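These are the residues of each chain, in order.
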Amino acid sequence: MGGMGGMGGMGGMGGMGGMGGIAGMGPTASGGSRRKPEVLVNVPCTLEELFQGKTKKMKIKRKSSTLTREAEKVLEVTVKPGYKAGTRITFAGEGDEVAPGVAQDVVFVIREKQHDFFVREGSNLLHRAKIALADALCGFQLDVKTLDAKPRILRVNFREPITPATTKVIAGEGMPKSKTPGERGDLIISFDIEYPKGALSDEQKALIRKAFAKM
């Protein structure tokens, strides 16, 4: 079997060379292994695509010796909201014919691209916010942009002092759960506190000591 490329989303098509298969069977999604001959194809997905769901069209080329079918075919890979990295979507018998009348299964494997803002952990989304020491002591406001098709802004106010061990859990603002539609994980925010890099002046130290003297 030759190379295969994705047609990202509902749009542009790529190609996959030299595959054979038994026509007429649709895809299945699973996490288990199969005994039938198969070819694995990675499907890179953004976190937004895994959050919202996406249909990716993949153009395949397959080899046939006894089977009567087209040498090229477009397979629609449905990425459901909440799918995790490693999820397998199987198109039975759509690959190269490896023996008379026997063709490989084409197995698309979901791969998750790194995100600039969130880290996924199961059905939860993790975000680590960098904040100044003054904000950690005095309070601040954090705006979090969601992964929705029409992004929302979650405005989170922190009024109590923040420590490196502080976490904020926003229930139901994580990833969808593909096996339980309508349910979502949580958004969990933790913090990196940035301390002053330079030495404080005597005057600054005196003001800090005065501010904390009555605590």
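One can find the structure itself at the top, above this paragraph.
Residues numbered from 1 in each chain as written. Predicted model: local features only at pLDDT ≥ 70, side-chain atom pairs only at ≥ 80, totals over all residues. Heavy atoms only, no water.

This part covers the side chain of Ser190. In this fold, Ser190 is placed in strand E15 (residues 187–194). Ser190 gets classed as buried once you look at its relative accessible area, which sits at 16%. Not counting residues within four places of it along the chain, the set of residues in contact with Ser190 comprises His127, Arg128, Ala129, Thr166 and Thr167. (Helix = DSSP H or I, 4+ residues; strand = E, 2+ residues; numbered from the N terminus. Buried < 20%, exposed > 50% of the residue type's maximum accessible area, 1.4 Å probe, protein only. Contact = heavy atoms within 4.5 Å.)

This part takes up the packing of aromatic side chains. Within a pair of aromatic rings, the relevant descriptors are the distance that separates the centres and the angle that separates the planes. All told, the structure shown has five aromatic pairs when counted by the stated rule. Seen in terms of ring centroids, Phe91 and Phe108 are 5.5 Å apart; in terms of plane orientation they differ by 90 degrees. Their pairing is edge-to-face. Taken as a pair, Phe91 in strand E6 (residues 88–91) and Phe108 in strand E9 (residues 105–112) lie far apart in primary sequence, 17 residues in all. Assigned by exposure class, Phe91 and Phe108 land together as buried. On the numbers, 5.2 Å between centres and 90 degrees between planes, the contact of Phe158 with Phe191 is edge-to-face. With Phe158 in strand E13 (residues 153–158) and Phe191 in strand E15, the pair connects residues that are 33 residues apart, well separated along the chain. An identical accessibility class is assigned to Phe158 and Phe191; each is buried. (Phe/Tyr/Trp six-rings, centres within 6.5 Å; stacked < 30°, edge-to-face > 60°.)

Under the criterion given, the structure shown has 14 salt bridges. Residues Lys59 and Glu72 are paired through a salt bridge, measuring 3.2 Å at the closest nitrogen-oxygen approach. Of this pair, Lys59 sits in strand E4 (residues 54–61) while Glu72 sits in strand E5 (residues 72–79), placing them 13 residues apart in sequence. Residue Glu94 pairs with Lys73 through a salt bridge whose shortest N-O separation is 2.8 Å. On the criterion of sequence distance, the pair formed by Glu94 in the loop between E6 and strand E7 (97–99) and Lys73 in strand E5 is long-range, its members being 21 residues apart. (Salt bridge = Lys/Arg side-chain N within 4 Å of Asp/Glu carboxyl O.)

In terms of strand pairing, strand E11 (residues 124–132) meets E15 through eight bridges, oriented parallel. Opposite Leu125, over in E15, you have Leu187 as the bridge partner. As judged from the four bridges shared by strand E14 (residues 167–170) and E15, these two strands associate in the antiparallel manner. Residue pairing in the sheet places Ile170 in a bridge with Leu187 of E15. (Pairing = 2+ DSSP bridges.)

Moving on, we get to the sheet that holds E11. Sheet architecture is open: four strands sit in the order E10-E11-E15-E14, paired in mixed fashion. Here the strands that pair on one side only, and so sit at the sheet edges, are strand E10 (119–121) and E14. On average, each strand axis in the sheet is tilted by 30 degrees relative to the strand beside it, whichever way the strands run. (Axes fitted to C-alpha atoms, helices over the stretch in contact; angles between N-to-C directions.)

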